[in-house]
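# Topology and contacts: notes
What follows is each chain in one-letter form.
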Amino acid sequence: MKVIIVGSGLAGPVAALALQRLNIASKIFELRSGTAFEGGNIALAPNALRVLDQLGVQKRYGYKALRISRGIVRQTLLEAVHERGIELRYNSRLVDVRETAQSTVIATFADGHIEEADFLIGADGIHSRVRTYLDPTSIPRFSGQMGVGGTLPLSKLPESYRDMYMPCLILGKLNSLLLMPCTNSGDRVGVAATVEAQDRTREGWAQLQNDKEGIYTELQSHHENDSWPEVVHVACRDIEPSSLSIWPFFQLPELDSWTSHSNKVIVIGDAAHAMPPTGGQGAAMAFEDAITLADTLALIDGKDEDPAESVKQWQTDRRERTKKILQFTSTGGNMRKSSVSTYKQIIKEWVMWAYFLWVGKEARTSWIYEYETKRAVP
Ligand SMILES: Cc1cc2nc3c(=O)[nH]c(=O)nc-3n(C[C@H](O)[C@H](O)[C@H](O)COP(=O)(O)OP(=O)(O)OC[C@H]3O[C@@H](n4cnc5c(N)ncnc54)[C@H](O)[C@@H]3O)c2cc1C
């Protein structure tokens, strides 16, 4: 069996590593260059770390949650891809997908390169080209919220706040701000604010991403209000501009199918289901999709079986899980949206307080974090 993987963000390399451990050959095609390691901090929840552990990547972290630079995670995955001899072509933008009567898939890239394989996995993110092949009407829409993140030394926080419990989520009237350690020693603090924003064009978002002063001003404008505690004022003032990045949140209408009719073209990760970052499950869902799909393809490999049943079952299980997670994380995200009325804000805070008192420390989340990927394999 030969597999084409489009995208070397997070889902793509995990899919390639998961296939390789089952002796299935794949080639990854990535539109960016080999030196592009963008992105702010992302959450790696215990279920995300469990997948990395199964692939022998980042074992040292165990299953505790982590917020870590997306660039570091991607670099670690790509190092494993290179070490294990998996072919990865950079500067390769997929422009066309075609299925043949011989049950193969042909991918065409912008530089004219053509590749043929038995399966094509679209791990090409929220603005997926592969998804357009499956459903041209499925267009992501800006959610109205944007993440703004950056870091500063812990020593810059007011002394009385330096040993406060982190991660610490502070709900303001207009948005929320999260403070968390972002190094193993805890000597640096990550700041992640979720703020409301106006939609922009793709170029407009890229422009803001490169405008560190602009992001700094944006962050300030949402947190200069006196209702924020001192620690928020200081964190937003002393955040290092060079560390700043934004991440606009997009929503994706539910797809009718994650696969083509033949089940030979399949989307995973953000290409299939954009997750609101408020639940910290974007990477986890991408990793789970990738490893369970690899296990499913291994069941078909070398057999003359029609892949339909196995892939269909995989899709049913994954859709059910991602839908449940999406509902859970969207509820959390809505709680972080602005409440223009002080009265509503107070009620919201009391409801959240009562909820956590009722559900306890673990917040009944074991179904999210203790998920066993083997269960999703037909
Ligand atoms: C540049 C960038 C920065 C990000 N920063 C953050 C962040 O700060 N916080 C956060 O929570 N999430 C961030 N994310 C998203 C996060 O990585 C994903 O939400 C999640 O982890 C799922 O990963 P994924 O592999 O499905 O998608 P992604 O990580 O988005 O990866 C998709 C990959 O496909 C490639 N690609 C797209 N189209 C094509 C094509 N036509 N041909 C070939 N390759 C293609 C992209 O270049 C990218 O490398 C970022 C994503 C990107 C691409």
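Just so we're clear, the structure is a prediction, and the values are computed from it rather than from any experiment.

### A word on the site of the ligand
Around the ligand, a shell composed of 28 residues is seen, among which Ala11, Glu30, Gly40, Arg70 and Asp270 lie nearest. At a separation of 2.8 Å, an oxygen atom of the ligand approaches a polar side-chain atom of Arg70. With respect to the ligand, the side chain of Asp270 contributes an N or O atom lying 2.5 Å from an oxygen atom. Partitioning the shell around the ligand into residue classes produces eleven nonpolar, nine polar and eight charged.

### A look at the packing of aromatic side chains
Under the counting rule described, the total for this entry stands at five aromatic pairs. Residues Phe29 and Phe109 carry aromatic rings whose centres are separated by 4.3 Å and whose planes lie at 20° to one another, so their mutual orientation is stacked. Pair noted here: Phe29 is in strand 2 (residues 25-29) and Phe109 is in strand 7 (residues 105-109), with a separation of 80 residues, a long-range link. Among the residues examined, Phe109 registers a relative accessible area of 2% and is labelled buried. Between Phe142 and Phe250, the ring centres sit 5.9 Å apart and the planes meet at 65°, which makes this aromatic pair edge-to-face. With a gap of 108 residues between them, Phe142 in strand 10 (residues 141-153) and Phe250 in strand 14 (residues 245-251) connect regions that are remote in the sequence.

### Regarding the nonpolar core
Grouped together as the largest cluster of nonpolar side chains are 67 residues, with contacts concentrated most on Ile5, Leu44, Leu77, Ile268, Phe287 and Leu297. Leaving out residues up to four positions away in the same chain, Phe287 has contacts with Leu10, Val14, Leu44, Ala48, Val51, Leu52, Val73 and Leu77. Grouped together as the second largest cluster of nonpolar side chains are 33 residues, Phe142, Cys168, Leu208 and Leu244 included.

### Observations concerning the sheet that holds strand 5 (residues 87-89)
If you walk across this open sheet you meet the five strands as 5-2-1-9-15, and the pairing is parallel. Whereas interior strands pair on both sides, the edge strands pair on one side only; in this sheet they are strand 5 and strand 15 (265-267). Across the sheet, the mean angle from the axis of one strand to that of its neighbour is 20°, orientation sign disregarded.

### Some remarks on the packing of helix 2 (residues 46-54) against helix 8 (residues 282-300)
Packing of helix 2 against helix 8 leaves a shortest axis separation of 8 Å and a crossing angle of 40°. Looking at the two axes, helix 2 sits oblique to helix 8. With respect to the hand of their crossing, helix 2 and helix 8 are arranged in left-handed fashion. Across the interface between the two elements, Asn47, Ala48, Val51, Leu52 and Gln54 of helix 2 pack against Ala284, Met285, Phe287, Glu288 and Ile291 of helix 8. Of the residues belonging to the contact of helix 2 with helix 8, the class tally is seven nonpolar, two polar and one charged.

### Examining the state of the cysteines
A complete count under the given rule lists zero disulfides for this structure. As a non-bridged cysteine, Cys168 has Cys236 as the owner of its nearest cysteine sulfur, 13 Å distant. Its relative accessible area of 19% is what places Cys168 among the buried residues. When its relative accessible area of 1% is taken as the criterion, Cys236 is described as buried.

### A word on helix 8
Spanning 19 residues, helix 8 covers 28 Å between terminal C-alpha atoms, matching the ideal 27 Å at 1.5 Å per step. Taking burial as the measure, the 19 residues of helix 8 include 16 buried ones, the bulk of the element. Of the residues one or two after helix 8, Gly302 is the one with positive phi, at around 80°.

### Structural notes on the side chain of Thr100
Its location among the elements puts Thr100 in the loop between strand 6 (94-99) and strand 7. With residues near it in sequence (within four places) discarded, Thr100 still touches Ile106 and Glu116.

### A word on the domain arrangement of the chain
Domain boundaries in the chain define domain 1 (2-139 + 252-328) and domain 2 (142-250). Here the C-alpha centroids of domain 1 and domain 2 sit 29 Å apart. Of the residues lining the interface, eleven residues belong to domain 1; the matching set on domain 2 comes to twelve residues. Taking both sides of the interface into account, the surface hidden between domain 1 and domain 2 amounts to around 900 Å²; carbon and sulfur atoms contribute 62%. Summed over the three residues of domain 1 that lose the most area to domain 2, namely Arg67, His127 and Pro277, the buried surface amounts to 52% of that side. The interface formed by domain 1 and domain 2 holds zero salt bridges in total. On inspection of domain 1 and its partner domain 2, the count reaches zero residue pairs in polar contact (both at pLDDT 80 or more). Tallied by class, residues from the side of domain 1 that touches domain 2 come to five nonpolar, four polar and two charged.

Rules used throughout
Here the residue numbers are simple positions, counted from 1 along each chain's written sequence. For this predicted model, a pLDDT threshold of at least 70 governs which residues receive local features, and a threshold of 80 or more governs which side-chain atom pairs are given and counted, while totals over whole chains, interfaces and linings are taken from all residues. Side-chain numbers come from the whole structure's heavy atoms, not from hydrogens or water. Each residue is tested against the molecule or strand, and it is near if at least one of its non-hydrogen atoms lies within 4 Å. Any N or O atom pair separated by 3.5 Å or less is treated as a polar contact, with the protein-specific requirement of one donor-capable and one acceptor-capable atom, and with residues adjacent in sequence counted only for side-chain atom pairs. The nonpolar class holds Ala, Val, Leu, Ile, Met, Phe, Trp, Tyr, Cys and Pro. Asp, Glu, Lys and Arg form the charged class, and all remaining residues, Gly among them, are polar. Only centres within 6.5 Å qualify two rings of Phe, Tyr or Trp (six-membered ring in Trp) as a pair; their planes then separate them into stacked at under 30 degrees, edge-to-face at over 60, and tilted for everything else. Per the convention used, a helix needs a DSSP run of H or I reaching at least four residues, while a strand needs a run of E reaching at least two, with both numbered from the N terminus. Using a 1.4 Å probe on the protein chains alone, a residue whose accessible area is under 20% of its type maximum counts as buried, one over 50% counts as exposed, and one in between counts as partly exposed. To form a nonpolar core, buried Ala, Val, Leu, Ile, Met, Phe, Trp, Tyr and Cys residues must be joined to one another through side-chain atoms within 4.5 Å. Every residue pair with non-hydrogen atoms within 4.5 Å of one another is taken to be in contact. By the convention used here, strands pair only if DSSP detects at least 2 bridges between them. All axes are obtained by fitting lines to C-alpha atoms, using only the stretch in contact for helices, and the reported angles, taken between N-to-C directions, cover 0 to 180 degrees. Roughly parallel refers to an angle under 35 degrees, roughly antiparallel to one over 145, roughly perpendicular to one between 65 and 115, and oblique to any angle outside these ranges. Here is the rule for handedness: rotate from the far helix to the near one, and if that takes an anticlockwise turn smaller than a right angle the crossing is left-handed, while a clockwise turn gives right-handed. Cysteine sulfur pairs qualify as disulfides if the two atoms are within 2.5 Å. What a helix should span is 1.5 Å times the count of its residues minus one. Here the bounds of each domain stem from an automatic or database domain assignment. Buried area counts how much accessible surface, traced with a 1.4 Å probe, disappears from two parts once they are put together, with both parts' losses summed. A pairing counts as a salt bridge when a side-chain nitrogen of Lys or Arg comes within 4 Å of a carboxyl oxygen of Asp or Glu.

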